[in-house]
Amino acid sequence: MSTPMFSAGTPPMRTVTVIVDGVPVAVPEDFTVAAALLMIEQRRPWRRSAVSGTPRAPYCLMGVCFECVAQIDDQPNCRTCLTPVRAGMRITLGGPHDRV
Ligand code: FES
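Let me begin by describing the structure that accompanies this report.

So, how was this worked out
Residues numbered from 1 in each chain as written. Predicted model: local features only at pLDDT ≥ 70, side-chain atom pairs only at ≥ 80, totals over all residues. Heavy atoms only, no water. Helix = DSSP H or I, 4+ residues; strand = E, 2+ residues; numbered from the N terminus. Buried < 20%, exposed > 50% of the residue type's maximum accessible area, 1.4 Å probe, protein only. Areas by Shrake-Rupley, 256 points an atom, 1.4 Å probe, with all protein chains shown as cover. Pairing = 2+ DSSP bridges. Axes fitted to C-alpha atoms, helices over the stretch in contact; angles between N-to-C directions. Contact = heavy atoms within 4.5 Å. Polar contact = N/O pair within 3.5 Å; in protein donor to acceptor, adjacent residues only side chain to side chain.

**Focus on the overall build of the protein chain**
When its secondary structure is counted, the protein chain shows 1 helix and 7 strands. The burial tally for the protein chain puts 33% of its 100 residues in the buried class. Counting only carbon and sulfur atoms, one obtains 58% of the accessible surface of the protein chain, whose full area is about 6300 Å².

**Comments concerning the pairing of strand E2 (residues 23-28)**
As defined by bridge partners, strand E1 (residues 15-20) adjoins E2 across 6 bridges and the pair is classed as antiparallel. Along E2, the bridge assignment pairs Val-20 with Val-23.

**Considering the pairing of strand E6 (residues 75-79)**
Bridge count between strand E5 (residues 69-72) and E6: 3 bridges; the pairing is antiparallel. Its bridge partner being in E6, Ile-72 is matched across the sheet by Gln-75. The turn joining E5 and E6, which pair antiparallel and follow one another in sequence, is formed by 2 residues; a positive phi near 50° is taken by Asp-73.

**Observations concerning the sheet that holds strand E7 (residues 90-92)**
Strand order in the open sheet formed by 5 strands is E2-E1-E7-E5-E6, with mixed pairing between adjacent strands. Pairing within the sheet leaves two strands with one partner each, and these edge strands are E2 and E6. Between one strand and the next, the sheet's axes are offset by a mean angle of 40°, whatever the strand orientation.

**What about the environment of Pro-28?**
Inspection of the secondary structure assignment puts Pro-28 in strand E2. Using a relative accessible area of 4% as the deciding quantity, one classes Pro-28 as buried. Each C-alpha atom of the pair Pro-28 and Thr-17 lies 8.7 Å from the other, and the pair is 11 residues apart in sequence. Every residue in contact with Pro-28, bar those within four places of it in the chain, is listed here: Met-13, Arg-14, Thr-15, Met-39 and Val-85.

**Concerning the environment of Arg-14**
Tracing the backbone through its elements, the reader meets Arg-14 in the segment before E1. Take Arg-14: its relative accessible area is 64%, and that puts it in the exposed class. Each C-alpha atom of the pair Arg-14 and Pro-28 lies 5.8 Å from the other, and the pair is 14 residues apart in sequence. Leave out the neighbours within four places in its chain, and Arg-14 touches Val-27, Pro-28 and Glu-29.

**Thoughts on the side chain of Arg-47**
Summarising the element assignment, Arg-47 is placed in strand E3 (residues 47-48). The class of Arg-47 is buried, set by a relative accessible area of 15%. Engagement of the side chain of Arg-47 in a polar contact is seen with the side chain of Glu-67, the distance being 2.7 Å.

See below:
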């Protein structure tokens, strides 16, 4: 098991539940999807490069690099660093080329 890259901080935070790859996860309500997912433990890479197959993850966290894309509520290629979490949001990491 890997260690989460960020922790929630000391004050209690209000959370919402999102569905990440079919698994309900409580995340802070004011976070972007990328920040929330970086806070929780990931069992596999965010996604893989379509060209090289190397693992990818959020890089710029400001909407420029497109390394953080994921499917959100059936909409593919959403920049998770620009998308605030919402209760019940369905997030699917990876893409068709990741499913090997
Ligand atoms: S992390 Fe760069 S666009 Fe989202």
